[in-house]
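Chain and residue survey
Letter by letter, the chains look like this.
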Amino acid sequence: MSGPSDSRRREIRTYLTGYGAALALTCAAFALVRWPVFGSGATFAMILALGLIQIVVQFRCFLHITLARSARDDLQLILFSLLIIALMVGGTLVILFNLRERMM
Amino acid sequence: MSTGEVQHPGLNLGSTDAETHEAAGGDVFGFWMFLMSDAVIFALLFATYGVMLPATAGGPTPASEYKIGPTFVETLVLLTSSLTFGMASVAMKHGGHLRQVLSWMGVTLALGLLFLGLELHDFAQMFAHGAYPTRSGYLSAFFGLVPLHGLHVLTGSLWIVVMMVQLCVFGADSRVKINVLRLGLFWHFLDVVWIAIFSTVYLPGLIR
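Residues numbered from 1 in each chain as written. Chains lettered and ligands numbered in written order. Predicted model: local features only at pLDDT ≥ 70, side-chain atom pairs only at ≥ 80, totals over all residues.

Note the threshold: UniProt positions are given in the numbering used here, feature names are shortened, and annotations may be inferred rather than shown by experiment.
The name given to chain B in an unreviewed UniProt entry is Cytochrome c oxidase subunit 3, with Novosphingobium kalidii as the source organism. Recorded in UniProt under Subcellular location (unreviewed entry), the annotation for chain B is "Cell membrane". Looking at chain B in UniProt, the text filed under Sequence similarities (unreviewed entry) is "Belongs to the cytochrome c oxidase subunit 3 family."

As annotated in an unreviewed UniProt entry, chain A carries the name Cytochrome bo(3) ubiquinol oxidase subunit 4 and comes from Novosphingobium kalidii. The UniProt entry for chain A carries the following comment under Subcellular location (unreviewed entry): "Cell membrane". Taken directly from UniProt, the Function (unreviewed entry) text for chain A runs: "Cytochrome bo(3) ubiquinol terminal oxidase is the component of the aerobic respiratory chain of E.coli that predominates when cells are grown at high aeration. Has proton pump activity across the membrane in addition to electron transfer, pumping 2 protons/electron."

1. Quick notes on the overall build of chain B
Inclusion rule: Every helix listed is a DSSP run of H or I at least four residues long, and every strand listed is a run of E at least two residues long, numbered separately from the N terminus. Partly exposed residues are those whose C-beta has more than 12 but fewer than 20 other C-beta atoms within 10 Å; with 20 or more the residue is buried, with 12 or fewer it is exposed, and the C-beta atoms are placed from the backbone. Working definition of a contact: two residues with C-beta atoms, positioned from the backbone, lying within 7 Å.
Per the secondary structure count, chain B includes six helices and zero strands. When its helices and strands are written in sequence order, chain B yields α-α-α-α-α-α. Here the C-alpha coordinates of chain B stretch approximately 65 × 30 × 25 Å along the principal axes. The burial tally for chain B puts 43% of its 208 residues in the buried class. In chain B, the proportion of contacts linking residues at least 24 apart, taken out of those at least 6 apart, comes to 75%.

2. Some thoughts on helix α6 (residues 174-206) of chain B
Residues and elements named next belong to chain B. Filter applied, for reference: For a helix, the expected span equals 1.5 Å multiplied by the number of residues minus one. Note on bend: at a given residue it equals the angle between the axes fitted to the 7 residues ending there and to the 7 starting there.
Under the 1.5 Å per step criterion, the end-to-end length of α6 is 47 Å for 33 residues, consistent within 8% with the ideal 48 Å. For α6, the principal kink sits at Phe198 and spans about 35 degrees. Taking burial as the measure, the 33 residues of α6 include 26 buried ones, the bulk of the element.

3. Things to note about the packing of helix α5 (residues 137-170) of chain B against α6(B)
Residues and elements named next belong to chain B. Going by this rule: To define axes, lines are fitted to C-alpha atoms, for helices over the stretch in contact only, and angles between the resulting N-to-C directions are given on a 0 to 180 degree scale. Angle categories are assigned with fixed cut-offs, so that under 35 degrees is roughly parallel, over 145 is roughly antiparallel, 65 to 115 is roughly perpendicular, and the rest are oblique. Helix crossings fall into two classes, left-handed where the near helix is turned counterclockwise from the far one by less than a right angle and right-handed where it is turned clockwise. Following the grouping adopted for this structure description, the nonpolar residues are Ala, Val, Leu, Ile, Met, Phe, Trp, Tyr, Cys and Pro, the charged ones are Asp, Glu, Lys and Arg, and the polar ones are all others, Gly among them.
Taken N-terminus to C-terminus, the directions of α5 and α6 make an angle of 160 degrees; their axes are 10 Å apart at the nearest point. Classified by the interaxial angle, the pair formed by α5 and α6 is roughly antiparallel. α5 and α6 meet at a crossing whose hand is left-handed. For the pair α5 and α6, the contacting residues are Leu145, Val146, His149, His152, Val153, Gly156, Trp159, Ile160, Met163, Gln166, Leu167 and Phe170 in the first and Val176, Asn179, Val180, Leu183, Phe186, Trp187, Leu190, Val193, Trp194, Ile197 and Val201 in the second. Classifying every residue of the contact of α5 with α6 by side-chain character gives 18 nonpolar, five polar and no charged.

4. Some words on the domain arrangement of chain A
What counts, and what does not: Segmentation of the chain into domains, including their bounds, is taken from an automatic or database domain assignment.
You can read the domains of chain A as domain 1 (1-64) and domain 2 (68-104). Centre-to-centre, using C-alpha coordinates, domain 1 of chain A lies 23 Å away from domain 2 of chain A.

5. Some words on the interface of chain B and chain A
The interface is formed by 44 residues belonging to chain B together with 43 residues belonging to chain A. Every element with two or more residues in the side of chain B that touches chain A is listed here: α1 (18-52), α3 (68-93) and α6 of chain B. Of the residues forming the side of chain B that touches chain A, the biggest block, 13 residues, is contributed by α1(B). Of the residues assigned to the side of chain B that touches chain A, the class counts are 28 nonpolar, 13 polar and three charged.

6. Some remarks on the UniProt feature "transmembrane region" (unreviewed entry) in chain A
Residue and element names in this part refer to chain A. The UniProt record annotates "transmembrane region" (unreviewed entry) at residues 12-35, 41-63 and 75-99. What you have in residues 12-35 is 96% helix and 0% strand, and the ends, taken at the C-alpha atoms, are 34 Å apart. What you have in residues 41-63 is 91% helix and 0% strand, and the ends, taken at the C-alpha atoms, are 32 Å apart.

7. With respect to unusual backbone geometry
Backbone geometry places A:His64, a non-glycine residue, at a positive phi of 55 degrees. Among the secondary structure elements, A:His64 is positioned in the loop between α2 (40-61) and α3 (74-103). Positive phi values are uncommon outside glycine, yet B:Ala57 reaches one of about 50 degrees. Structurally, the position occupied by B:Ala57 is in the loop between α1 and α2 (62-65). Here B:Ala57 falls in the exposed class, since 11 other C-beta atoms lie within 10 Å of it.

8. Description of the UniProt feature "transmembrane region" (unreviewed entry) in chain B
Residues and elements named next belong to chain B. When the UniProt feature table is mapped to this numbering, "transmembrane region" (unreviewed entry) covers residues 29-52, 72-92, 101-118, 138-171 and 183-203. The distance separating the terminal C-alpha atoms of residues 72-92 is 31 Å; by composition the span is 100% helix and 0% strand. Secondary structure within residues 101-118 divides into 100% helix and 0% strand; the distance between the first and last C-alpha atoms comes to 26 Å.

Here's what the structure looks like:
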């Protein structure tokens, strides 16, 4: 059993870790655009990857979503929402980009 | 008992307030469902933006309108406000002084309003360049997506004011604590949406 001040320190450390990681990922993404070293396609892919990693970091450290078993099905809700988002966003982009290609 | 268990997303009260912790499960989970449906709305606006991107109708383009400096500052401000709200939640959870909780929330509120001011300044500059929503499909999609996030931040700021008043009037009782937990989820969620905005709207538009 850990005391209350122990868990308090641990929680503050989680927030600070998340903040530091988010800060580093943000700076990396902006630096890639400000001082371009790679081609535009590679830079775009790297920005998206850095953004995704940062979203995972913030879910983990700020929203406290873990893979651990929880009393509620919040992880399942998130995964289901992600599925819906992937289907709708992916479907929209595929159909409309395809349509544009055919219209041009 | 399940005080050690994780009841809901976000910071859990756990053993610091076992009774409220039990009650918080359903309430916070319901709010989490709202946030996820909000995420779906934002995702579809992102898809619309992606589709509308080439539809500039000979008008302003992303490269001519976005500026990396102000966007970076806005990102830092919003990210820092997420940390300060986290500090407010931790202070409230562990029975910190009311003044401590209120001052962390005050800092968060100030950062949220600073973010809104910077964003409005950006929009005003865009309008001055002739980049207004009815100019082209691209700009309609842009002004549908980014100001909606701004409206969420404004709502969140109002909510922070309401919670500060509730904390002063009622103290940190059970109901107020659950409200602050929900507000925390909302505020952190807004930061996640902003990550998606700067990495799919602003930065790609600025790649040379």
